[in-house]
Amino acid sequence: MSFKPTSFDIAQRAGVSQPTVSRALRGHPSVSEGTRLRIEAIAAQLNYAVDRNASRLRSRTTNTLALLFFEDPTPDESHINPFFLPMLGSIARTCARHGYDLLTSFQQFSRSMHVDYEYSRKADGIMLLGYGDYETYRERLNQLEAEGARYVRWGSVSADAPGMTIGSDNRMGGLLAGQHLVSQGYRRIAFLGEASSHAPEAEDRWRGACDAMIAAGITPDPDLVVGAVTTDAAGYTAARELLARGKPFDAVFAACDLIAIGAMRAFEEAGLSIPDDIGLVGFDDIPLAGFSHPPLTTVAQDVIRGGAAMVEALIEQINGRPMDVRMLPPRLVVRQSTARPAGAG
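The structure reproduced in this document is the subject of the present report. (Residues numbered from 1 in each chain as written. Predicted model: local features only at pLDDT ≥ 70, side-chain atom pairs only at ≥ 80, totals over all residues. Heavy atoms only, no water.)

What follows covers unusual backbone geometry. Put simply, Ile274 and Pro275 share a cis peptide bond, and its omega is 15 degrees. With respect to the helices and strands, the residue Pro275 is situated in the loop between helix H11 (257-269) and strand S9 (279-281). Cis geometry is adopted by the peptide bond preceding Pro294, which originates at His293 and carries an omega value of -5 degrees. Relative to the helices and strands, Pro294 is located in the loop between S9 and strand S10 (298-300). Residues other than glycine seldom take positive phi values, yet Asn47 does so here, at roughly 55 degrees. (Helix = DSSP H or I, 4+ residues; strand = E, 2+ residues; numbered from the N terminus.)

In structure tokens form, the structure reads like this:
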């Protein structure tokens, strides 16, 4: 019969107590790094594998994290913004790397999320993707805060936002978009997106573009701002409304790539050429952006790093080590939709 090592064997070799071994192998902050590394090395030498079911029963933890998607309007039955799909892969890989299972749920916003997941012991913490109207969403976040829920969300980062947030520097992203359009000779820049407190990420993107225009001596025109939710159909409708207003414009900054792609169709139907007549910039850098016609200049968000950061921040909360909010830098991806001929403008 082969020898099956136990945590007591590791404790004896390491010269520590068995509870110390258990805490070290869970990464508990009460165990020093030197002791943890020594215990992990002995465990590896003995080919010791943690009995996760027994560990869960002892600690009353599940070693599971819940990822909640919330409805986004889409033309198909998925109701998931394609921006989040690469992030989902990053979240799953990071959970696996840290020894956590991932429970993924697609649902509308429930007032009892904390009860549904943490209190029912389905998960040790919650990650939130998507939110719709931020004013309604914030009420739910305040409730989670009051209940002491362990959660992290992807979204707008601000000093007064409740809970732990991981997100992009949206104002910087808007600044990059605006500076690029100005450098290409565009002066009458419109915005398609919900630039209000109901969509703070889009609002910050427009503010950043305005910063770039003002720095270049250009006064932003509020009549060139048309509201749109994050779908291509909404972008198409918003672009048609922008054209119907009859106000001159030579560039459009869209709050997301889907809005920009929908706007492309409206401009094409109106006989306008991109980028000769209109420059167009999106935001997100979804895979489709590089295959639109013309390929779309956009502002990329680091969704791979963002997904990993969400998981790591939630694990830190679970282990009693809350992290600060994290704002990730975006980057400009220049493609043909702003490749204005030299001397144009």
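Turning our eyes to something else, we now look at the packing of helix H1 (residues 7-14) against helix H3 (residues 33-45). Relative orientation of the contacting elements H1 and H3 amounts to 125 degrees, with a least axis distance of 10 Å. Here H3 runs oblique to H1, going by the angle between their axes. In this structure, H1 crosses over H3, and the sense of that crossing is right-handed. For the pair formed by H1 and H3, the contact residues are Ile10, Arg13 and Ala14 on the first element and Arg38, Ile39, Ile42 and Ala43 on the second. Its residues placed into classes, the contact of H1 with H3 shows five nonpolar, no polar and two charged. (Axes fitted to C-alpha atoms, helices over the stretch in contact; angles between N-to-C directions. Parallel < 35°, antiparallel > 145°, perpendicular 65-115°, else oblique. Left-handed = near helix turned anticlockwise from the far one by under 90°. Contact = heavy atoms within 4.5 Å. Nonpolar A, V, L, I, M, F, W, Y, C, P; charged D, E, K, R; others polar.)

Geometry of an aromatic ring pair is reported as the spacing of the ring centres plus the angle between the planes. Going through the model one piece at a time under the given rule, you end up with seven aromatic pairs. By the ring-pair criterion, three or more aromatic residues cluster together here, those being Phe69, Phe83, Phe84 and Trp154. Arg205 extends its terminal NZ or CZ atom over the ring of Phe283, reaching a point 3.8 Å from the ring centre. The ring of Tyr236 is capped by Arg265, whose NZ or CZ atom sits 4.6 Å from the centre of that ring. (Phe/Tyr/Trp six-rings, centres within 6.5 Å; stacked < 30°, edge-to-face > 60°. Lys NZ or Arg CZ within 6 Å of the ring centre and 35° of its normal.)

Moving on to the pattern of salt bridges. Scanning the model with the defined rule gives 13 salt bridges in all. Glu241 is the partner of Arg245 in a salt bridge, and the nearest nitrogen-oxygen pair spans 2.8 Å. For Arg245, a relative accessible area of 36% corresponds to the partly exposed category. We note a salt bridge from Glu316 to Arg321, for which the minimum N-O separation is 3.1 Å. Given the relative accessible area of 27%, Arg321 is considered partly exposed. Connected through salt bridges with shared partners, the residues Arg188, Asp221, Asp223 and Lys247 form a single ionic network. (Salt bridge = Lys/Arg side-chain N within 4 Å of Asp/Glu carboxyl O. Buried < 20%, exposed > 50% of the residue type's maximum accessible area, 1.4 Å probe, protein only.)

Here H11 is 13 residues long and its end C-alpha atoms lie 19 Å apart, about the 18 Å a rise of 1.5 Å per residue gives. Extensive coverage of H11 is indicated by the burial of 10 of its 13 residues. Looking only at H11, the buried set comprises Asp257, Leu258, Ile259, Ala260, Ile261, Gly262, Ala263, Met264, Ala266 and Phe267. Where the residues of H11 are buried, they touch strand S6 (189-192), helix H10 (232-244), strand S8 (251-254), S9 and S10. (Expected span 1.5 Å × (residues − 1).)

One can find Gly279 in strand S9. Along the backbone, Gly279 and Thr297 are 18 residues apart, and their C-alpha atoms lie at a distance of 9.1 Å. Ignoring anything within four residues of it in the chain, the contact list for Gly279 reads Tyr186, Asp250, Ala251, Val252 and Ser337.

What follows is about helix H2 (residues 18-25). Along H2, the residues classified as buried are Gln18, Thr20, Val21, Ser22 and Ala24. Those residues of H2 that are buried lie in contact with H1 and H3.

Before going further, it helps to spend a moment on the side chain of Thr64. With respect to the element layout, Thr64 can be found in strand S1 (residues 64-70). For Thr64, a relative accessible area of 11% corresponds to the buried category. Excluding residues that lie within four positions of it along the chain, Thr64 makes contacts with Tyr100, Asp101, Leu103, Lys122, Ala123, Asp124 and Gly125.

All right, on to the sheet that holds S8 then. Taken together, the four strands give an open sheet; going across it, the order is S7-S6-S8-S9, and neighbouring strands pair in parallel fashion. Only two strands of the sheet have a single neighbouring strand rather than two, namely strand S7 (225-226) and S9. When S6 meets S8, the two strands line up parallel, connected through four bridges. Along S8, the bridge assignment pairs Phe191 with Phe253. Sheet strands touched by helix H8 (residues 170-183): S6, S8 and S9. Its angle to S8, the strand with the most contacts, is close to 165 degrees. Contacting S6, S7 and S8, helix H9 (residues 200-215) runs over the sheet at an angle of about 175 degrees to S6. (Pairing = 2+ DSSP bridges.)

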